[in-house]
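Here are the chains, one letter per residue:
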Amino acid sequence: MSTLKKRLRHYKAQWGKTFDMVIQGLIIFSLITFSIETLPDLSESVNRFLHISEAVTVFIFTAEYLLRLYMTDRKLSFIFSFFGLIDLLSILPFYISTTVDLRSIRIFRLFRLFRILKMMRYNRAIRRFNRALLIAKEDFVLFAMMLPLLLFFSAVGIYYFEHEVQPETFGSVFHSLWWAVCTITTVGYGDVYPITLGGRMFTFVVLIIGLGIISVPAGLVSSALSKARELEEEEDLTRHETKKPK
């Protein structure tokens, strides 16, 4: 390992928390300035300030990205890793805009929003939430597979109850899917609703099921967060015991 790498890792160990806080502050600042840019009729001085702020922020993010790339021993793995791609996409729009008018390819502007995902690297709570999602991913996949089936069956049911009396509103199963989505999610906009007795009874059943459906993801996340916290505590305990002098 080079002397420069050793020094950088030494500084990271000493000033790691301060560096993380600075980067988090810059991420929040860049998102605020991004939002301010969308305001109409901004003065020239404000636009100049926003442009300079964006340039300084991107310069710091670029330096961070290059330092991480230099510090890692597996550079290709870092470049194509989740955080490596997030870091790259958070600075890429700025450099593209210097050569291409982003008004013609507005989708690249949205890449600036990837900066909020950089918070996952520095915020312990967000990392825990990300770990919780990974723990419960199989349960979420199962839930995601069952939900479309439930939506389809609900749409078919209300179609047979309401099609004859409301042919325009419930013209087909596809038309009925909007009612199914609003009912199962318990949103209930009221723009589409049943008027027959059978349709209303069926709606009641779907609403009850919908209340249970809404609670499923919350329960999965809560259980996974508890598991993630336990894993973090075990890792902290292991790290603390490792650092103890023998």
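Everything here concerns the structure above.
On a predicted model such as this, the values are computed, not experimentally measured, just so you know. (Residues numbered from 1 in each chain as written. Predicted model: local features only at pLDDT ≥ 70, side-chain atom pairs only at ≥ 80, totals over all residues. Heavy atoms only, no water.)

A. Quick look at a nonpolar patch on the surface. Among the surface-exposed residues, L142, M146, L149, F152 and F153 lie close enough to one another that they form a single nonpolar patch of about 540 Å² accessible area. By the secondary structure assignment, L149 is in helix α8 (residues 137–162). (Patch = residues over 30% accessible without salt bridge, like charges linked within 9 Å, V, L, I, M, F, W, Y side chains within 5 Å. Areas by Shrake-Rupley, 256 points an atom, 1.4 Å probe, with all protein chains shown as cover. Salt bridge = Lys/Arg side-chain N within 4 Å of Asp/Glu carboxyl O. Helix = DSSP H or I, 4+ residues; strand = E, 2+ residues; numbered from the N terminus.)

B. Expanded view of the packing of aromatic side chains. Taken as a whole, this structure holds five aromatic pairs when the rule is applied. Aromatic side chains Y65 and F78 sit 5.7 Å apart centroid to centroid with 40 degrees between the ring planes, which places their arrangement in the tilted category. Residue Y65 is located in helix α2 (residues 44–71), and its partner F78 is located in helix α3 (residues 75–79); the two are separated by 13 residues in the primary sequence. Accessibility expressed as a relative area gives 8% for Y65, which makes it buried. For the ring pair W179 and F202, a centre distance of 6.2 Å and an interplane angle of 20 degrees mean the geometry is stacked. Pair noted here: W179 is in helix α9 (residues 173–184) and F202 is in helix α10 (residues 197–243), with a separation of 23 residues, a long-range link. F202 carries the same exposure label as W179, and that label is buried. Site record: aromatic cluster; members linked through ring pairs are F161, W179 and F202. (Phe/Tyr/Trp six-rings, centres within 6.5 Å; stacked < 30°, edge-to-face > 60°. Buried < 20%, exposed > 50% of the residue type's maximum accessible area, 1.4 Å probe, protein only.)

C. Spotlight on the nonpolar core. Core analysis: the biggest nonpolar cluster contains eleven residues, these being F143, L151, A155, I158, F170, W179, A180, I184, F202, V206 and I213. Only α8, α9 and α10 provide two or more residues apiece to this core. Tallying contributions element by element places α8 first for this core, with four residues. Once residues within four sequence positions are removed from consideration, F170 is found in contact with I158, Y159, E162, H163, H175, S176, W179, V192 and Y193. Core analysis: the next-biggest nonpolar cluster, separate from the first, contains eight residues, L26, I27, L31 and F94 among them. (Core = buried A, V, L, I, M, F, W, Y, C linked by side-chain atoms within 4.5 Å. Contact = heavy atoms within 4.5 Å.)

D. The arrangement of helix α4 (residues 82–97) in detail. For α4, with 16 residues, the first-to-last C-alpha span of 24 Å sits near the 22 Å given by 1.5 Å per residue. A maximum bend of about 35 degrees is found in α4 at I91, where proline P93 lies one to four positions downstream. A distance of 3.1 Å separates the backbone nitrogen of G84 from a side-chain oxygen at the start of α4, and that oxygen is part of S81. (Expected span 1.5 Å × (residues − 1). Bend = angle between axes of the 7 residues up to and from the residue. Polar contact = N/O pair within 3.5 Å; in protein donor to acceptor, adjacent residues only side chain to side chain.)

E. Seen up close, the pattern of salt bridges. For the structure on display, the rule yields two salt bridges. The partner of R48 in a salt bridge is E44, and the shortest N-O contact between them spans 3.3 Å. Of this pair, R48 and E44 both sit in helix α2, four residues apart, which is roughly one turn of the helix. The exposure class of R48 is partly exposed, given its relative accessible area of 45%.

F. Fine view of the side chain of E162. As for its position among the elements, E162 is in helix α8. Buried charged residue E162 carries no salt bridge. Nearest counter-charge: R200, at 6.7 Å. Within polar-contact distance, the side chain of E162 engages the backbone nitrogen of I195 at 3.1 Å. A polar contact is formed between the side chain of E162 and the side chain of T196, at a distance of 2.5 Å. Not counting residues within four places of it along the chain, the set of residues in contact with E162 comprises F170, P194, I195, T196 and G199. (Lys, Arg positive; Asp, Glu negative; His and termini not counted.)

G. Region of the structure containing unusual backbone geometry. A positive phi is found at D41, a non-glycine position, where the angle reads about 55 degrees. Its place among the elements puts D41 in the loop between α1 (3–37) and α2.

H. Focus on the environment of L225. With respect to the secondary-structure elements, L225 resides in helix α10. L225 gets classed as partly exposed once you look at its relative accessible area, which sits at 28%. Separated by 92 residues in sequence, L225 and L133 place their C-alpha atoms 8.2 Å apart. In this structure L225 touches R128, F129 and A132, once residues within four positions along its chain are discounted.

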